[in-house]
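Each chain, written out:
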Amino acid sequence: MMDKKTILVGLSGGVDSAAAALLLKEQGHRVIGATMMIWDPSLPIPKTGHNQNACLSPEKEDVSEIRKLAEKIGIEYHTIDCRQAYRQAVLENFRTEYAHGRTPNPCVICNSQIKFGVLPQAAKEQGILFDKFATGHYARIEEKEGTFYLKTGSDPARDQSYFLHRLSQHQLKDILFPLGDLGKAQIRDLARQAGLSVADKEDSQDFYCGDYNDLLNFPNKAGDMVLQDGTIIGKHTGIWGYTIGKRKGLGLSGFKEPMYVVGIDAPKNQVIIGPKTALYKDALHADNMSWTLAQPPAEEFECKIKIRNLHHAAKAKVKVSSDGQEISAVFEEAQLSITAGQSAVLYDGDMVLGGGVIL
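Please read these numbers as outputs of a predicted model, since none were measured by experiment.

**Section: the pairing of strand β17 (residues 351-358)**
Point 1. Counting buried residues along β17, 7 of its 8 residues qualify, which places the element largely inside the surrounding structure.
Point 2. Across 4 bridges, the pairing between strand β12 (residues 280-291) and β17 is antiparallel. Within the sheet, the bridge partner assigned to W291 lies in β17 and is G354.
Point 3. In this sheet, β17 lies alongside strand β16 (residues 343-348) in antiparallel orientation, the contact comprising 6 bridges.

See the structure below:
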């Protein structure tokens, strides 16, 4: 049993973070709740019609509900202004990546830079003193002789380690994941028994609650839709409206088989179309690597790789560049829709080795 600590818990308004705070309080710790404010009303996006369960949504109503939740649990509560940092780190990257024909994963950046970086640091600057920072993520941290290992959640159906792979040793040593050994049904039962209003609240489904074009706000930039041999078959109004594997809404007809987006050529402003078979690739390259133990396990090694959160990790052989910043990986079997901009996350069993951005 861990010694009694003062623990700051990131409260999002959902059942998971509430249950994390509840469990820590029941263990005898002094728990402080904190919500990161990331909604910027100055953004040129609609202010109505949003799904309140998304991460980026109008928060005025959300905060009042979260405050009531903290009162019910019986913990101190604060809001932390992270808007400027979020806009610079997450939203600007989001726009830049889509402008270059890539499909980013904003949750990965938000976790490493904002939720586990700016939020606890800003809380300290507000004079909030605490020993550890906790969230409701389904993942585990194991410490051996001063080294911290990031591991998958015990329930494979809920595991969120994919989104956490960029956490550093410096961050991991001060983080707690109280839900790592639990399943969703257990969490909801705990919340119900405590009389928490969020016990049956639906999970957050995305980082933004509206149309992505609200955030991109790009002017139309017409270009060609082409087959793999370069034959022009149509027009598009902006490559940012497409991602690898997209099928619906392409406005194409007359083909004997379903056609998909199989590539995006940003320099040529082209969207490349092909059959489903063209979506299967047996290799990938990734850069901007982050290694959980600060360095790769070897120059060449075998592991399993996830190419997106819901992907079933696949066996691959990996080669690491001399500076550790890039990898090339060859899969044992071809994988569907390897997408530039998404994260390739490497696993050794239940341990996260690290990950990078697919090129």
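**As for the pattern of salt bridges**
Point 1. Going through the model one piece at a time under the given rule, you end up with 16 salt bridges.
Point 2. Measuring nitrogen to oxygen at the nearest pair gives 2.7 Å for the salt bridge that ties D200 to R192.
Point 3. Each of D16, R158, K184, R188 and D203 takes part in one network of salt bridges that share partners.

**Observations concerning the sheet that holds strand β8 (residues 223-227)**
Point 1. Within the open sheet, the 4 strands sit side by side as β9-β8-β11-β10. Their pairing is mixed. If you trace the sheet from one side to the other, it starts and ends with β9 (232-236) and β10 (260-265), each paired once. Averaged over all pairs of adjacent strands, the angle between their axes in this sheet comes to 30 degrees, without regard to strand direction.
Point 2. Bridge analysis of β8 against strand β11 (residues 270-274) gives 4 bridges, and the strand direction is parallel. Residue pairing across strands places M225 opposite V271, the latter belonging to β11.

**Observations regarding the packing of helix α3 (residues 83-99) against helix α4 (residues 106-125)**
Point 1. At their nearest, the axes of α3 and α4 sit 10 Å apart, and the two run at 170 degrees to each other. Relative to α4, the element α3 lies roughly antiparallel. Residues A85, Y86, A89, V90, N93 and F94 of α3 touch α4, and the partners they reach there are P106, I109, C110, Q113, I114 and V118.

**Quick look at the nonpolar core**
Point 1. In terms of nonpolar packing, the biggest core is built from 58 residues, with L8, L56, I80, Y86, I114, F177 and F207 touching the most fellow members.
Point 2. Mapped by element, the contributors of at least two residues to this core are β2 (30-37), α3, α4, β6 (147-152), α7 (212-216), β10, β11 and β16.
Point 3. Residue contributions to this core peak at 8 residues, all from α4.
Point 4. Those residues within four positions of I114 in sequence are excluded, and the remaining contacts are M36, C82, A85, Y86, A89, V90, I109, L119 and P120.

**Overview of the sheet that holds strand β1 (residues 6-10)**
Point 1. Spatially, 5 strands are ordered β3-β2-β1-β4-β7 in an open sheet, and the strand pairing comes out parallel. With one partner strand each, in any of the chains shown, β3 (76-81) and β7 (175-176) form the two edges of the open sheet.
Point 2. Direction of pairing for β1 relative to strand β4 (residues 132-134): parallel, over a ladder of 3 bridges. Bridge pairing in β4 links V9 to A134.
Point 3. Lying on the sheet, helix α1 (residues 15-26) is in contact with β1, β2, β4 and β7; it crosses β1 at an angle near 170 degrees.

**Notes on the layout of surface pockets**
Point 1. Volume-wise, the second largest pocket comes out at about 480 Å³.
Point 2. If you go around the second largest pocket, you meet 20 residues; those closest to its centre are M2, I141, L176, F177 and P178.
Point 3. Considering each element in turn, the lining of the second largest pocket owes the most residues, 4 residues, to strand β5 (residues 139-144).
Point 4. Its residues assigned to classes, the lining of the second largest pocket comprises 10 nonpolar, 3 polar and 7 charged.

Conventions adopted
Residues numbered from 1 in each chain as written. Predicted model: local features only at pLDDT ≥ 70, side-chain atom pairs only at ≥ 80, totals over all residues. Heavy atoms only, no water. Buried < 20%, exposed > 50% of the residue type's maximum accessible area, 1.4 Å probe, protein only. Helix = DSSP H or I, 4+ residues; strand = E, 2+ residues; numbered from the N terminus. Pairing = 2+ DSSP bridges. Salt bridge = Lys/Arg side-chain N within 4 Å of Asp/Glu carboxyl O. Axes fitted to C-alpha atoms, helices over the stretch in contact; angles between N-to-C directions. Parallel < 35°, antiparallel > 145°, perpendicular 65-115°, else oblique. Contact = heavy atoms within 4.5 Å. Core = buried A, V, L, I, M, F, W, Y, C linked by side-chain atoms within 4.5 Å. 1 Å grid on protein atoms, 1.4 Å probe; cavity = no way out; pocket = protein on both sides within 12 Å on 5 of 7 lines; lining within 4 Å. Points joined across faces, edges and corners; volume = space filled by probe spheres on them. Nonpolar A, V, L, I, M, F, W, Y, C, P; charged D, E, K, R; others polar.

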